[in-house]
Amino acid sequence: QLTVDLFLSNIYQIYHSNVFSFANPYEILTKYNKGETNFCRTELSKAPLNGVSLKGIKLDGSNLREANLSNANLSDSSLKQTNLALANLTKSILTNVNFERANLCQANLRESHLKDANFTRSNLQGADLSEAYLFRTIFAKSNLQNVKLPEEYTYEVYYDCETIFDASFDPKQAGWTKIDC
């Protein structure tokens, strides 16, 4: 049905933001093990995916609200415009993951490995990034209000003039690198 919906939406130039493919975690893992990686617009809210390895997966536009992805490996994946609000990503490996325009409100990313992650235009309000590894992570045009951030930065972290911080946080003083707007 999803293929038919996408075909018709392209012919008639119709886009419905509420069209999702429903799948359970077992189906995703089975298809992934058979080589499939495109699971865009999939409904996986509250899914128990802790400890899974889904490197290079595409979950753009999916709903992973309150999903448990702790200790998961999603390296080299795309989660653009994905709803990850209240998701648990504690100690996950998220190297080179594209979170562009994702909703990560109150997500738990504590102790996650976020090297080269892209959070451009993402909403991270109230997220927990304490003890996360943010080497070369990009937060351009993102909302970082009420975010728990690591205390030390011995590496580069990027922001721009549109990145929103709490008034008490000075990214320049923390050693973050400002990129062009």
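As a reminder, the structure under discussion sits directly above these lines.
Keep in mind that what you see is a predicted model, and the values were worked out from it rather than measured.

Caption draft 1: Just the overall build of the protein chain, in detail. Of the regular secondary structure elements, the protein chain holds 3 helices and 5 strands. Starting at the N terminus and walking to the C terminus, you meet the elements of the protein chain as α-β-α-β-β-β-α-β. Counting only residues that meet the buried cut, the protein chain has 44% of its 181 residues in that class. Expressed as a percentage of contacts within the protein chain between residues at least 6 apart in sequence, the contacts between residues at least 24 apart total 4%. Entry remark: accessible area of the protein chain is about 9700 Å², with carbon and sulfur atoms responsible for 45%.

Caption draft 2: Seen up close, helix 2 (residues 25-33). Where helix 2 is concerned, the buried positions are Pro25, Ile28 and Tyr32. One side of helix 2 carries all its buried residues, which in axial view fall inside an arc of 60 degrees. Exposed residues on helix 2 whose side chains face more than 90 degrees from its buried face are Tyr26 and Asn33. Of the residues that open helix 2, the one with a side-chain oxygen 2.9 Å from the backbone nitrogen of Tyr26 is Asn24. Looking at the residues trailing helix 2, positive phi occurs at Gly35, about 105 degrees.

Caption draft 3: Local environment of the sheet that holds strand 5 (residues 177-178). Strand order in the open sheet made by the 3 strands is 3-4-5, with parallel pairing throughout. Because the sheet does not close on itself, it has two edges, and the strands there are strand 3 (137-138) and strand 5. Relative to strand 5, strand 4 (residues 157-159) runs parallel, the two being bridged by 2 bridges. From the neighbouring strand, Tyr158 faces strand 5, where its bridge partner is Thr177.

Caption draft 4: Fine view of the pattern of salt bridges. The tally for this structure, following the rule as stated, stands at 4 salt bridges. Asp116 is the partner of Arg136 in a salt bridge, and the nearest nitrogen-oxygen pair spans 2.7 Å. Taken together, the residues span a long stretch of sequence, with Arg136 in the loop between strand 2 (42-43) and strand 3 and Asp116 in the loop between strand 2 and strand 3 at a distance of 20 residues. Classification of Arg136 as partly exposed rests on a relative accessible area of 32%. Residue classification places Asp116 among the partly exposed residues on the basis of a relative accessible area of 25%.

Criteria and cut-off values
- Residues numbered from 1 in each chain as written.
- Predicted model: local features only at pLDDT ≥ 70, side-chain atom pairs only at ≥ 80, totals over all residues.
- Heavy atoms only, no water.
- Helix = DSSP H or I, 4+ residues; strand = E, 2+ residues; numbered from the N terminus.
- Buried < 20%, exposed > 50% of the residue type's maximum accessible area, 1.4 Å probe, protein only.
- Contact = heavy atoms within 4.5 Å.
- Areas by Shrake-Rupley, 256 points an atom, 1.4 Å probe, with all protein chains shown as cover.
- Arc of directions from axis to C-beta.
- Polar contact = N/O pair within 3.5 Å; in protein donor to acceptor, adjacent residues only side chain to side chain.
- Pairing = 2+ DSSP bridges.
- Salt bridge = Lys/Arg side-chain N within 4 Å of Asp/Glu carboxyl O.

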